[in-house]
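# Coordinates in review
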Amino acid sequence: MTLSGRDAYRDELTGLAAEDDTILCLEADLGGKGHPFQAAHPDRFFNLGIAEGAMVDMAAGLAAGGYKPFVSTFAPFAALRAAESLKLTLGYLNAGVTVVAPYAGVSGAWFGTTHHCLEDLAVLRSIPGVVIAAPYGEAEMRAVVREAVRSGRPHYIRTGRNAQYRSLDREGERAPLVTWESRAEPGEVCLVSVGEEGTRLALAAREARPGTGHAHLVYLDHPNLARAAAELSRHHRRFVVVEEHRAQGGAAEALALLMPGCEVTAASADLTWPSTGGDHEEVMAAVGLTLPAVLAAVARAGAGRLPAASGACVR
């Protein structure tokens, strides 16, 4: 059975810690019963309670002491409540701390607006030096965690709640900048998927619209997006970026600036604030992120005129 993103993270980190005694796991009251890292390495597991900023600050000190701390809490509490600590720890200090943020987007659907996070990519992408990843599937999450341990660089890893997805086929141990799930003719629209739900919707859209290309991105910080944009623009000029995030500060906006000779259409969350509960897909629908919306974006992209080479176009 394929593990969810957050379960794959916990399992991979637990295994890596068996070979590396500098790896630590910090949680902000999300550990629950039977956390695998706590069971295997109780002396290196710390539950800081609902004190997210203090948890990140503590991780900064541990990193300065030669440890490799991984911290985890709800995405809205990591990216927003602890934003200053993230800026200082991951950015200013360039500390080797990895933040794993489940419940991103509206995956914490029933918890309501206070627990939704459609702004985290915008916040983290504005902090220089942070590697930002949004894995899809168990294999990609494991690869991203391994790379975070190997590199020692500050990371922000975005994931959902309990959804399980079959990983995309790829070569090699490391997650590539661009995973080409489906190739298409250069004149056709290419879907660009980001994160779990963005990739799920892109796969469904490609199935509904044969002939559409699909490129999946896992790394979303500016340096990695710049390299991915160079590869994408060599193959296509019309793109629809699907992401469970607001358009402001998201991947579509960044790619439009990085690919000035291309047309970039965003299929993302709108500007509303859902005020009623529901399951994940119901709340996604409330913010306008559905398969029909993605297909409509593909149709718009296919009908639009390409911009002049000197100016980017984002819808």
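Shown above is the structure to which this text applies.
Turning our eyes to something else, we now look at the environment of histidine 222. Relative to the elements of secondary structure, histidine 222 occurs in helix H9 (residues 222-235). Given the relative accessible area of 44%, histidine 222 is considered partly exposed. With 142 residues separating them in the primary sequence, histidine 222 and leucine 80 have C-alpha atoms 20 Å apart. Not counting residues within four places of it along the chain, the set of residues in contact with histidine 222 comprises Arg125 and Leu258.

What follows concerns the nonpolar core. Burial of nonpolar side chains together is a common tendency in soluble globular proteins. With 51 residues, the main nonpolar core has Leu124, Tyr156, Leu217, Leu232 and Leu255 as its most contacted residues. When sequence neighbours within four positions are dropped, the list of residues in contact with leucine 232 reads Val178, Trp180, Val192, Ala215, Leu217, Phe239, Leu255 and Met259. Counting residues in each nonpolar core, the second largest holds 22 residues, with Phe70, Val144, Ala148 and Ile157 among its members.

This part is about the sheet that holds strand S5 (residues 131-133). Reading across from one edge, S2-S1-S3-S4-S6-S5 is the order of the 6 strands in this open sheet, with parallel pairing throughout. A single partner strand is all that each edge strand has here, and the edge strands are strand S2 (45-47) and S5. Direction aside, the axes of adjacent strands within the sheet are offset by 15° on average. Two elements, strand S1 (residues 23-27) and S2, share 3 bridges in a ladder whose sense is parallel. If you follow leucine 26 over to S2, its bridge partner there is phenylalanine 46.

Now for the pairing of strand S11 (residues 263-269). Counting buried positions over the 7 residues of S11 gives 7, a clear majority of the element. Bridge count between strand S10 (residues 238-246) and S11: 6 bridges; the pairing is parallel. In the sheet register, valine 242 faces S11, and the bridge partner there is alanine 267. Traced from S10 through helix H10 (residues 251-258) to S11, the parallel crossover comes out right-handed.

With that settled, the discussion passes to the packing of aromatic side chains. This model, assessed by the stated rule, comprises 6 aromatic pairs. Ring centres of phenylalanine 74 and phenylalanine 77 lie 5.5 Å apart, and the angle between their planes is 40°; this geometry places the pair in the tilted category. Exposure class is identical for phenylalanine 74 and phenylalanine 77. Each is buried. Members of the aromatic cluster, connected to one another through ring pairs, are Phe74, Phe77, Tyr103 and Phe111. Taking the ring centre of phenylalanine 77 as reference, the NZ or CZ of arginine 81 above it sits at 4.2 Å. Lying over the aromatic face of tryptophan 273, arginine 246 brings its terminal NZ or CZ to 4.5 Å of the ring centre.

Take the pattern of salt bridges next. One pass over the full model with this rule turns up 15 salt bridges. Close ionic contact of arginine 142 with glutamate 138 constitutes a salt bridge, the shortest N to O distance being 2.9 Å. Of this pair, arginine 142 and glutamate 138 both sit in helix H7 (residues 138-151), 4 residues apart, which is roughly one turn of that helix. Glutamate 138 gets classed as buried once you look at its relative accessible area, which sits at 17%.

Thresholds applied
- Residues numbered from 1 in each chain as written.
- Predicted model: local features only at pLDDT ≥ 70, side-chain atom pairs only at ≥ 80, totals over all residues.
- Heavy atoms only, no water.
- Helix = DSSP H or I, 4+ residues; strand = E, 2+ residues; numbered from the N terminus.
- Buried < 20%, exposed > 50% of the residue type's maximum accessible area, 1.4 Å probe, protein only.
- Contact = heavy atoms within 4.5 Å.
- Core = buried A, V, L, I, M, F, W, Y, C linked by side-chain atoms within 4.5 Å.
- Pairing = 2+ DSSP bridges.
- Axes fitted to C-alpha atoms, helices over the stretch in contact; angles between N-to-C directions.
- Right-handed = clockwise from strand over helix to strand, strands pointing away.
- Phe/Tyr/Trp six-rings, centres within 6.5 Å; stacked < 30°, edge-to-face > 60°.
- Lys NZ or Arg CZ within 6 Å of the ring centre and 35° of its normal.
- Salt bridge = Lys/Arg side-chain N within 4 Å of Asp/Glu carboxyl O.

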